[in-house]
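Architecture at a glance
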Amino acid sequence: MLTYIGRRVLQMVPVFIGVTIILFILRAPGVIPGDPVRMIAGERAIPQATYDQIVKENGLDKPIYVQYYRYMSHLVQGDLGKSYQLKRPVASILLEKFPNTLKLALMAVIIETILGLAAGILSAVKQYSFWDMLVTLSTSILVSIPVFWLGMGLQILFGIKFKQWGLPYLPISGMESANFPSWVHYILPAFTLASVSTAYAARITRSQLLEVMGQDYMRTAAAKGLTSRQVIWKHGLKNALIPVVTFLGLDLGAMVGGTILTETVFNWPGVGLQIFNAISTRDWPVVMGGVIIIVFLVMLINLVVDISYAFLDPRIRYGRVAE
Amino acid sequence: MEDLQAAEQVNSPDGAGGGNGDSQAQEVGGRGRTLRGDAWRRLRRNKLALAGLTWIVIIILIAVTADLWVTRVLGDPIEIDTTRTAELSLQSPSAHHPFGTDKLGRDIASRVVYGARVSLLIGVVAVAIMVIIGLIMGAIAAYYGGIWDSLIMRTADIFFAFPYVLFAIALIAVLGKGIQNVFIAIGLLGWPSIARVFRSSILSVKETEYVDAARAMGASTPRILFRHIMPNAMAPIIVYATMSVGGAILTEAALSFLGMGVVPPAPSWGGMLSEARGYLFTAPWLMLYPGIAILTTVLAFVLLGDGLRDALDVKLKE
Amino acid sequence: MPALLEVDDLHMHFFTRDGVVKAVDGVSFTLEAGRTLGVVGESGSGKSVTALSIMRLIPEPPGKVVSGDVRFKGESILTMSDKEQRKLRGNRIAMIFQDPMTSLNPVHRIGKQIAEPLRLHKNFTRKEAWDAAVELLAQVGIPQAAERARDYPHEFSGGMRQRAMIAMALACGPDILIADEPTTALDVTIQAQILELMQEIQARTESAIIMITHDLGVVADMADHVLVMYAGKAVEFGPADEVFYRPVHPYTWGWLESLPRHDVDEKGLLCPIKGQPPSLINLPGGCSFGPRCAFARDSCRETEPHLVDIGNGHLSACHYCGDDEFVAQSPRCAAGGR
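These numbers come from a predicted model, not from an experiment. As a convention, each chain's residues are numbered from 1 in the sequence order in which they are written. In the order they appear in the text, chains get letters beginning with A and ligands get numbers beginning with 1. The predicted nature of this model means local features are confined to residues of pLDDT at least 70 and side-chain atom pairs, given and counted, to a pLDDT of 80 or more, with totals for whole chains, interfaces and linings taken over all residues.

Structural notes on the overall build of chain A
Here is the rule we go by: Strands here mean DSSP runs of E at least two residues long; helices mean DSSP runs of H or I at least four residues long; both are numbered from the N terminus. Here exposure depends only on C-beta density: within 10 Å of a residue's C-beta, 20 or more other C-beta atoms make it buried, 12 or fewer make it exposed, and intermediate numbers make it partly exposed, the C-beta atoms being placed from the backbone. The contact criterion used here is simple: two residues whose C-beta atoms, placed from the backbone, lie within 7 Å are in contact.
From N to C terminus, chain A includes 13 helices and zero strands. Taken from N to C terminus, the helices and strands of chain A fall in the order α-α-α-α-α-α-α-α-α-α-α-α-α. Within chain A, the fraction of its 323 residues that count as buried is 41%. For chain A, the share of sequence-separated contacts (at least 6 apart) that also reach a separation of at least 24 residues comes to 69%.

Side note on the overall build of chain C
Where we set the bar: The globule rule used here is 2.2 Å times the number of residues to the 0.38 power, and the radius of gyration it is set against is calculated over C-alpha atoms.
Within chain C one finds 14 helices and 12 strands. Here the C-alpha atoms of chain C give a radius of gyration of 21 Å, agreeing with the 20 Å that 2.2 N^0.38 yields for 338 residues. Taken over the C-alpha atoms alone, chain C extends approximately 65 × 50 × 40 Å along its principal axes. Going through the 338 residues of chain C one by one, you find that 49% of them count as buried. Put simply, 64% of the contacts in chain C that link residues at least 6 apart link residues at least 24 apart.

Regarding the interface of chain A and chain B
So the rule is basically this: For this classification, the nonpolar set comprises Ala, Val, Leu, Ile, Met, Phe, Trp, Tyr, Cys and Pro, the charged set comprises Asp, Glu, Lys and Arg, and every other residue, Gly included, is treated as polar.
The interface is formed by 37 residues belonging to chain A together with 34 residues belonging to chain B. When residues of the side of chain A that touches chain B are traced back to their parent elements, those giving at least two are helix 1 (2–27), helix 6 (130–144), helix 7 (147–164), helix 10 (228–266), helix 11 (271–280) and helix 12 (284–312) of chain A. Element by element, the count of residues in the side of chain A that touches chain B is highest for helix 10 of chain A, at seven residues. Classifying every residue of the side of chain A that touches chain B gives 28 nonpolar, nine polar and no charged.

Things to note about the confidence of the model for chain A
Condition: Confidence per residue, as judged by the predictor, is encoded in pLDDT with a range of 0 to 100.
Of the residues in chain A, 88% reach a pLDDT of 70 or more, and the chain-wide mean stands at 80. Helix 2 (residues 36–41) of chain A is the least confidently modelled element of chain A, averaging 60 in pLDDT, while helix 9 (residues 216–223) of chain A averages 92, the highest of any element.

Comments concerning the sheet that holds strand 12 (residues 315–316) of chain C
Residues and elements named next belong to chain C. Applicable threshold: The pairing criterion for strands is at least two bridges between them, as found by DSSP. Helix axes are fitted only over the stretch in contact, all axes being lines through C-alpha atoms; the angle between N-to-C directions runs from 0 to 180 degrees.
Reading across from one edge, 6-7-8-3-9-10-12-11 is the order of the eight strands in this open sheet, with mixed pairing throughout. In the strand order of this sheet, the two ends are held by strand 6 (93–96) and strand 11 (308–309), each with one partner. Relative to strand 7 (residues 176–180), strand 6 runs parallel, the two sharing four bridges. What sits directly across from Ile96, in strand 7, is Ala179. Each of strand 6 and strand 7 touches helix 7 (residues 158–170); the most contacted strand, strand 6, lies at about 170° to it.

Observations concerning the pairing of strand 9 (residues 225–230) of chain C
Regular strands show a simple pattern: their side chains alternate between the two faces of the sheet. Residue and element names in this part refer to chain C. Counting buried positions along strand 9 yields six of six residues, so the element is predominantly enclosed. Side-chain alternation along strand 9 places His225, Leu227 and Met229 on one buried face and Val226, Val228 and Tyr230 on a second face that is also buried. Bridge count for strand 3 (residues 36–40) against strand 9 is four bridges, and the pairing is parallel. Paired with Leu37 across the strands is His225, a residue of strand 9. Where strand 9 lies against strand 10 (residues 233–239), six bridges are found, and the strand directions are antiparallel. Paired with Val228 across the bridge in strand 10 is Glu236. Adjacent in sequence and paired antiparallel, strand 9 and strand 10 are bridged by two residues, among which Ala231 carries a positive phi angle near 50°.

Some words on the sheet that holds strand 4 (residues 63–72) of chain C
With antiparallel pairing, four strands are arranged side by side in an open sheet as 2-1-4-5 (chain C). Among the strands making up the open sheet, the edge pair consists of strand 2 (19–31) and strand 5 (75–76) of chain C.

Considerations on helix 9 of chain A
For helix 9 of chain A, the tally of buried residues reaches seven of eight residues, placing the bulk of the element in the interior. Of the positions making up helix 9 of chain A, those classed as buried are Tyr217(A), Met218(A), Arg219(A), Thr220(A), Ala221(A), Ala222(A) and Ala223(A).

Considering the nonpolar core
The following threshold applies: By definition, a nonpolar core groups buried Ala, Val, Leu, Ile, Met, Phe, Trp, Tyr and Cys residues that are joined through C-beta atoms within 7 Å.
Formed by 260 residues in total, the largest nonpolar core has its most connected members in Ile210(C) and Met211(C). In contact with Met211(C), not counting residues within four places along its chain, are Thr36(C), Leu37(C), Gly38(C), Val39(C), Ala179(C), Val218(C), Val219(C), Met222(C) and Ala223(C).

Describing the environment of Ser173(A)
All names here are of chain A. Residue placement: Ser173 occurs in the loop between helix 7 and helix 8 (187–213). Given 14 C-beta atoms within 10 Å, Ser173 falls into the partly exposed group. Expressed as a C-alpha distance, the spacing of Ser173 and Tyr71, which sit 102 residues apart in the sequence, is 37 Å. Leave out the neighbours within four places in its chain, and Ser173 touches Phe266 and Asn267.

So, the packing of helix 11 (residues 269–276) of chain B against helix 12 (residues 285–312) of chain B
All names here are of chain B. Our working definition: Any angle between 65 and 115 degrees counts as roughly perpendicular, while under 35 counts as roughly parallel, over 145 as roughly antiparallel, and the rest as oblique. In this scheme the crossing of two helices becomes right-handed for a clockwise turn of the near helix relative to the far one and left-handed for an anticlockwise turn of less than a right angle.
The N-to-C vectors of helix 11 and helix 12 enclose an angle of 155°; their axes lie 8 Å apart at closest approach. Overall, the two elements helix 11 and helix 12 adopt an arrangement that is roughly antiparallel. Once helix 11 is placed against helix 12, the crossing between them reads as left-handed. Residue-level contacts link Trp269, Met272, Leu273, Glu275 and Ala276 of helix 11 to Leu286, Met287, Pro290, Gly291, Ala293 and Ile294 of helix 12. Classifying every residue of the contact of helix 11 with helix 12 gives nine nonpolar, one polar and one charged.

Looking at the environment of His154(C)
Inspection of the secondary structure assignment puts His154(C) in the loop between helix 6 (145–148) and helix 7. In this structure His154(C) comes out as partly exposed when scored by C-beta crowding, with 19 C-beta atoms within 10 Å.

Observations concerning helix 12 of chain B
Residues lying three or four places apart along an α-helix face the same way, a consequence of the helix completing one turn every 3.6 residues. Put simply, the rule reads: Each residue after the first adds 1.5 Å to the expected span of a helix.
Helix length check: helix 12 of chain B (28 residues) gives 40 Å between terminal C-alpha atoms against 40 Å at 1.5 Å per residue, within 8%. The element helix 12 of chain B is extensively covered by neighbouring structure, given that 22 of its 28 residues are classed as buried.

As for unusual backbone geometry
The linkage connecting Pro61(C) with the following residue, Pro62(C), adopts the cis geometry, with an omega of 0°. You can see Pro62(C) is positioned in the loop between helix 1 (47–54) and strand 4. With a phi angle near 70°, Tyr128(A) is a residue other than glycine that sits in the positive phi range. Inspection of the secondary structure assignment puts Tyr128(A) in the loop between helix 5 (90–125) and helix 6. The exposed category is assigned to Tyr128(A), around which 10 C-beta atoms lie within 10 Å. For Asp9(C), which is not a glycine, the phi torsion comes out positive at approximately 45°. With respect to the element layout, Asp9(C) can be found in strand 1 (residues 5–16).

Comments concerning the pairing of strand 1 of chain C
Residue and element names in this part refer to chain C. Two elements, strand 1 and strand 4, share eight bridges in a ladder whose sense is antiparallel. Of the residues in strand 4, the one forming a bridge with Val7 is Val70. Both strand 1 and strand 2 contribute to a ladder of nine bridges, which runs antiparallel. By the bridge assignment for strand 2, Glu6 is matched with Thr30. What sits between the antiparallel neighbours strand 1 and strand 2 is a turn of two residues.

Section: the packing of helix 6 of chain A against helix 8 of chain A
Two measures define how a pair of helices packs: the angle their axes make with one another and the distance between the axes. Residue and element names in this part refer to chain A. Put simply, helix 6 and helix 8 touch, their axes get as near as 8 Å, and they point 140° apart. Of the possible angle classes, the one that applies to helix 6 and helix 8 is oblique. The handedness of the crossing between helix 6 and helix 8 is left-handed. Packed against helix 6, whose contacting residues are Val135, Thr139, Leu142 and Val143, the element helix 8 presents Ser195, Val196, Thr198, Ala199, Tyr200, Ala202 and Arg203 at the interface.

The structure is reproduced here in structure tokens:
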């Protein structure tokens, strides 16, 4: 068991390094369009002395592997550089925004888990019924909807139209406003963010449960005299849900990554929106810093999920013994 | 349950040389059966998949013939009639402009049609790129194994560590905007999945007994690869590629929405949605039609992909 | 006094998209307490489906019992309510399946799975059931039962798993034990052990056993009665001696003849039965075995034979089984029996 964890962590290391290399390549001078010195100093003409000074300060004249080393050592210390636009350390900007993104993502995962699992179980148990068709069709549709369009649509319907029609309506922008308690602001963005993932969760739950239902041990359970409901709940679910739980964990990572679109639509002050604004203003350190943080977070979550899988599946936990 | 299986077996082709793509008609139960024919028949039964396929064909036809009729019937997607801009701008849907006009007076329906070209083009080209790269990488990894396998798979792992949209944004930030870079970005992001699927298909088929049987018959390596391994390994790739076209269209829309994809004034569905943001109150039709276009097109590919998966899955019979 | 189990002209069909599969198309037999019935036949002959039908484990669409009945201690199983039926399952009638690896739940401990029928049917508490499960494991020959009960199925070997399944089936002391090819998935040496175990248990508990197999050796050893099945039909049924030494159905002849023999010196050719079993959707008219029968006559193509009693509790579904001259053509007869 411990060896399993150890192996997993070890496997993560080369990937980790590979990721940093790619990110470094992406932000290396010459790769990103534009002269990095220009970016730091601004568009105005600067005297050669200042130019040289900037080069020296940032180690831009050193060979590439030295620059990589500099970059890595900064990274490890948590220094992500300074924002061109805001003249503040990137790390502190992002750290401010980070909790907002996390809260939204967590809300979305809760929605996704409850709705997705329920829909998946329902459609598997009542296969071929009206409910099954409904769930299958709506998950297919959800998977095909552009997330940001869904967000806009919800904004129009629940924010604008409902107001026009005199119905209670929902806020469509930001985390706080005068008219509403703050939790209400989570509703539309969280559902939007959760939408596509819920569809996937429902599909996976359904297919896993269906596969399990066709297994021999389910027949054995029925042969012992259990009702079909007991067979599904006691014998089927635990087997079926193992991969689903894994998916949910991995999805949290994907969701954190996907917040950029939702935050943009709803003006949610999180890391995603920060990155989007930085793209518009060509503030590359912020873009890259944001990407780095999110990527590392996702990798960490994946590792945790991997490990927890071992706890859930006794076949991995206990390995093979007699044979 | 062997009796059930026996009953089912009576109605499916002789399973043994399933990897052989050649037709093998078996007269059992009174109807001719081939592997491809079986798959096609199953696909035809799937109404949703057929609907998807039909819609895709329709969209392709519309997009391909666009030049012939769109400007005449609907109006130019790019040209702005500067003399009449104020008057034309932001009209709600009418007989003359079925989807309305945007803030520069351009007909939205016509822009949606031309946007279809972009989306389809991206879908096909990007997926072609990732399939080609993916197949090559997967084949090398699976067939040569050893260090090549580790190298390629580790690289794939690195790509997998990045959340998709974010990586696409980062790549575009580096490569610059424009449609070619969108192809490249999507193709680059997608190859690891294909490589992984292909590699595991090859590996599992490599181990199976009928490849041993073929070898025992004296078949040489390339022959084995092409006639026995490929047909089986291709099925999941075909399904994945179909679904990926849908995914590529969504990704392009997202990139264009964020201002990182197709450059205006060229029409693109995502770009149109970005423009629509400021007019949610005043002109909701701006966001409606491009969004529906994306939804229906992607849905068509998803349904088709689902149908292909069910049709090609030989195991489903059991 | 009714037999423990009576299967009366059972017909179980599957209604599929491609047609009606007549998986069980006329099966009758009786089973008495403490006896063993061997059900033999090739793959696809309907043996498993018959057993599953007795337990009502066949999913209702697409399967359906179109006619016939199954009676346990005189009471019809097929017309019972679901609830009453479930009281029998795992309790009075228990089943052991072919592949113990896939038939045990991989995420539940062995002890828990064995304890389950006790908690369900006899209302044992968790502790009582667990202790009983450990005891059962010991009885089926698992060493260090108390520790092994805490294992998961993948930690057991194939033979041990099958023993665990037997323990599970025996938990409530059933009247009938149905074993569906219990040894097919096991090594030959383990097979012998498992069969021995089952005989031992039968001696101890007086339960009846239905042993489904395609292996004649297994049946020869254990069966009091034999039921031969072909294409979903019962073609011959009777006391084991009768069926082995005085078979009257051409299929039984062909089957016995086709078995490789160790006791003959000359190196002869194997004699399989020519042809293939028919499609269960498109059964031939008349006798299902007719097309392959070396002794078929015109009437065999026209009318379907039903089970006929020819004395000594011996039944056969052949038009000519009562005809001594016909029966004398049997290869076994010619060879003078074993």
